[in-house]
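A structural walkthrough
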Amino acid sequence: MLVAGRPMRSLWPAPARDALHVIDQRRLPHELVAARLTGVAEAARAIREMWVRGAPLIGATAAYGLALQCRVDAGDAALQRAAAELGATRPTAVNLQWALQRMLARLLPLAPLARAEAAWVEADAIADADVAANAAIGRHGLAWLRTLRPRDGRRLNLLTHCNAGWLATVDWGTALAPVYAAQAAGLEVHVWVDETRPRNQGASLSAWELAQQRVPHTLVADNAGGHLMQRGRVDAVIVGCDRVAANGDVCNKIGTYLKALAARANGVPFMVAMPLSTLDLGLPDGAAVPIEERSAREVTHVHGRGPDGAAVEVQIAPYGCAAANPAFDVTPAALVDGLITERGIVAADGAALRRLGQPA
Ligand code: MRU
């Protein structure tokens with residue numbers, strides 16, 4: 001996407017192929033700063049500590065992490081160890097395991113001396129395929145948006161949760177790709193951006209990237225969505241996903257399920273943008289998705305910038321208050337009106353997903 005008029009991806013390998021650059025997303029929206037990752041441990045740390053986040057971007061980062069490993073030791077044992085270290089960073093988004101398995105399947109049959117070069121080529125292919133898939137999701141999503149009639153008679157009002165924009169992918173985003181496609185096509189859209197407590201990916205990332213692209217948007221507290229839908233101020237909900245099970249159950253950022261319930265109760269279409277790298281046909285339904293439990297401190301404290309521009313963390317709960325922090329939830333397939341994929345829009349049901357799982 002364009003940032004300050006210049007094209008930018010959320011990650012890019014160093015020309016010398018000795019490092020991976022990523023945007024340190026912990027510092028947005030206040031600062032746009034890149035971090036240079038030079039080895040597996042750094043790549044794993046960047047994923048675990050959420051310098052990079054979002055299912056497709058986690059997968060691409062892990063792929064480059066294995067390429068970095070190949071520079072040091074490309075032997076079978078070292079590669080398996082590196083894949084295990086990267087794979088243990090975050091449990092929910094299936095793209096992480098998907099990308100690691102794809103890399104290992106490509107590299108292990110090769111002689112160790114041939115692996116380093118092949119690893120960069122394969123990681124680049126994963127990154128480029130993500131960009132192409134998201135662009136296609138944008139096109140299919142735009143075609144669907146064109147079928148909607150704005151309830152306010154003026155412009156389409158879409159609601160999104162978390163950040164499933166270009167920052168969550170290599171480029172374009174998943175849920176926001178149709179929004180960017182709509183804007184490019186001259187279709188008027190406005191986006192309600194859920195703040196997405198506890199880490200506020202909506203407030204800090206989606207609001208930032210929509211502003212960069214000059215897409216009209218309004219930040220709302222997570223609890224506002226039901227009210228907005230009830231008053232006819234939302235034409236559709238579009239979210240991303242971290243894992244979709246074989247029956248169409250959708251795992252995404254905590255709070256997504258409540259939005260889906262409110263959407264169904266108010267006759268608002270609830271759509272999920274799903275690249276095929278996020279489909280897990282090995283899981284029968286959403287009950288088996290491993291849900292990441294993150295630090296209670298993300299709930300009891302909030303981060304921001306003080307008036308002097310310095311990063312601050314403030315406590316909002318009583319000292320010693322117990323807190324739980326499940327980071328994802330599962331929306332049952334029955335509440336999902338459609339999955340926007342790179343191969344078109346499909347129903348969230350087992351038969352449609354099995355067909356999608358076949359090679360194109
Ligand atoms: O915890 P995060 O920020 O990695 O969670 C991201 C989300 O839940 C996104 O909505 C999802 O990964 C889709 S990203 C295209």
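To be clear, the structure that these remarks concern was listed above.
We now turn to the structure provided with this report. (Residues numbered from 1 in each chain as written. Predicted model: local features only at pLDDT ≥ 70, side-chain atom pairs only at ≥ 80, totals over all residues. Heavy atoms only, no water.)

A turn of α-helix holds 3.6 residues, and therefore any two residues three or four places apart point the same way. Inspection of helix α11 (residues 350-357) places Gly350, Ala352, Leu353 and Leu356 among the buried residues, and these make up the whole buried set. Down the axis of α11, the buried side of the element spans an arc of 160 degrees, and every buried residue falls inside it. In α11, those exposed residues whose orientation departs by more than 90 degrees from the buried face are Arg354 and Arg355. On its buried face, α11 sits against β10 (243-245), β13 (279-280), β17 (338-341) and β18 (344-346). One side-chain oxygen of the residue at the start of α11 lies 3.2 Å from the amide nitrogen of alanine 351, identifying that residue as aspartate 349. (Buried < 20%, exposed > 50% of the residue type's maximum accessible area, 1.4 Å probe, protein only. Helix = DSSP H or I, 4+ residues; strand = E, 2+ residues; numbered from the N terminus. Arc of directions from axis to C-beta. Contact = heavy atoms within 4.5 Å. Polar contact = N/O pair within 3.5 Å; in protein donor to acceptor, adjacent residues only side chain to side chain.)

Mapped onto the elements of the fold, threonine 92 is located in the loop between α3 (76-87) and α4 (95-107). A relative accessible area of 0% places threonine 92 in the buried class. Here threonine 92 is in contact with Asp242, Arg243, Cys251, Val289, Pro290, Ile291, Glu292 and Phe328, once residues within four sequence places are set aside. Engagement of the side chain of threonine 92 in a polar contact is seen with the backbone oxygen of proline 290, the distance being 2.7 Å.

By nearness alone, 19 residues border the ligand, and Arg90, Gln201, Asp242, Asn252 and Lys253 come closest of all. Within the side chain of arginine 90, one N or O atom sits 2.8 Å away from an oxygen atom of the ligand. At 2.8 Å from an oxygen atom of the ligand is found a side-chain nitrogen or oxygen belonging to aspartate 242. Of all elements in the fold, only α2 (55-72) and β11 (250-253) reach the threshold of two or more residues within the shell around the ligand. Looking at side-chain class alone, the shell around the ligand contains eight nonpolar, seven polar and four charged residues. (Near = heavy atom within 4 Å. Nonpolar A, V, L, I, M, F, W, Y, C, P; charged D, E, K, R; others polar.)

Our focus in this paragraph is the sheet that holds strand β4 (residues 20-23). Read from one edge of the open sheet, three strands run β3-β4-β5, paired in antiparallel fashion. If you trace the sheet from one side to the other, it starts and ends with β3 (11-13) and β5 (34-37), each paired once. Pairwise comparison of adjacent strand axes, ignoring direction, gives a mean angle of 20 degrees for this sheet. Sheet topology places β3 next to β4; three bridges connect them, and they run antiparallel. In the strand pairing of β4, leucine 11 is matched with valine 22. Across the sheet, α2 lies against β3, β4 and β5, angled at about 20 degrees from β3, the strand it touches most. (Pairing = 2+ DSSP bridges. Axes fitted to C-alpha atoms, helices over the stretch in contact; angles between N-to-C directions.)

Glancing now at the nonpolar core. Leu11, Leu66, Leu86 and Met103 are the most contacted members of the largest nonpolar core, which has 43 residues in total. Sorting the residues of this core by element identifies β4, β5, α1 (40-48), α2, α3, α4 and α5 (112-145) as the ones contributing at least two each. Top contributing element to this core by residue count: α2, with 11 residues. Excluding its chain neighbours within four sequence positions, the residues that come into contact with leucine 86 are Val40, Ala43, Ala44, Ile47, Ala62, Gly65, Leu66, Leu96 and Leu100. (Core = buried A, V, L, I, M, F, W, Y, C linked by side-chain atoms within 4.5 Å.)

Its place among the elements puts aspartate 329 in strand β16 (residues 328-331). Of note is the side chain of aspartate 329, whose polar atom sits 3.4 Å from the backbone nitrogen of threonine 256.

So, about the sheet that holds strand β12 (residues 270-273). Taken in spatial order, the seven strands line up as β8-β7-β6-β9-β12-β17-β18 in an open sheet, and their pairing is mixed. Both edges of this open sheet fall to β8 (217-220) and β18, since each of them pairs with a single strand only. With direction set aside, neighbouring strand axes in the sheet form an average angle of 25 degrees. Here strand β6 (residues 156-160) runs beside strand β7 (residues 189-194); their pairing, made up of five bridges, is parallel. By the bridge assignment for β7, leucine 156 is matched with valine 189.

Turning our eyes to something else, we now look at the pairing of β17. Burial of the side chains of β17 extends over both faces: Gly338 and Ile340 are buried on one face and Leu339 and Thr341 on the other. Both β12 and β17 contribute to a ladder of three bridges, which runs parallel. Paired with valine 272 across the bridge in β17 is leucine 339. Strand direction decides the pairing type here: β17 and β18, joined by three bridges, are antiparallel. Paired with isoleucine 340 across the two strands is isoleucine 345, which belongs to β18. In sequence, β17 turns back onto β18 through a hairpin of two residues.

Let's shift gears to the pairing of β4. Residues Leu20 and Val22 point to one face of β4 and His21 and Ile23 to the other, with burial holding for every one of them. Here β3 hands over to β4 after six residues, with arginine 17 in that stretch at a positive phi of 60 degrees. The pairing of β4 with β5 spans four bridges and is antiparallel. Paired with isoleucine 23 across the two strands is alanine 34, which belongs to β5.

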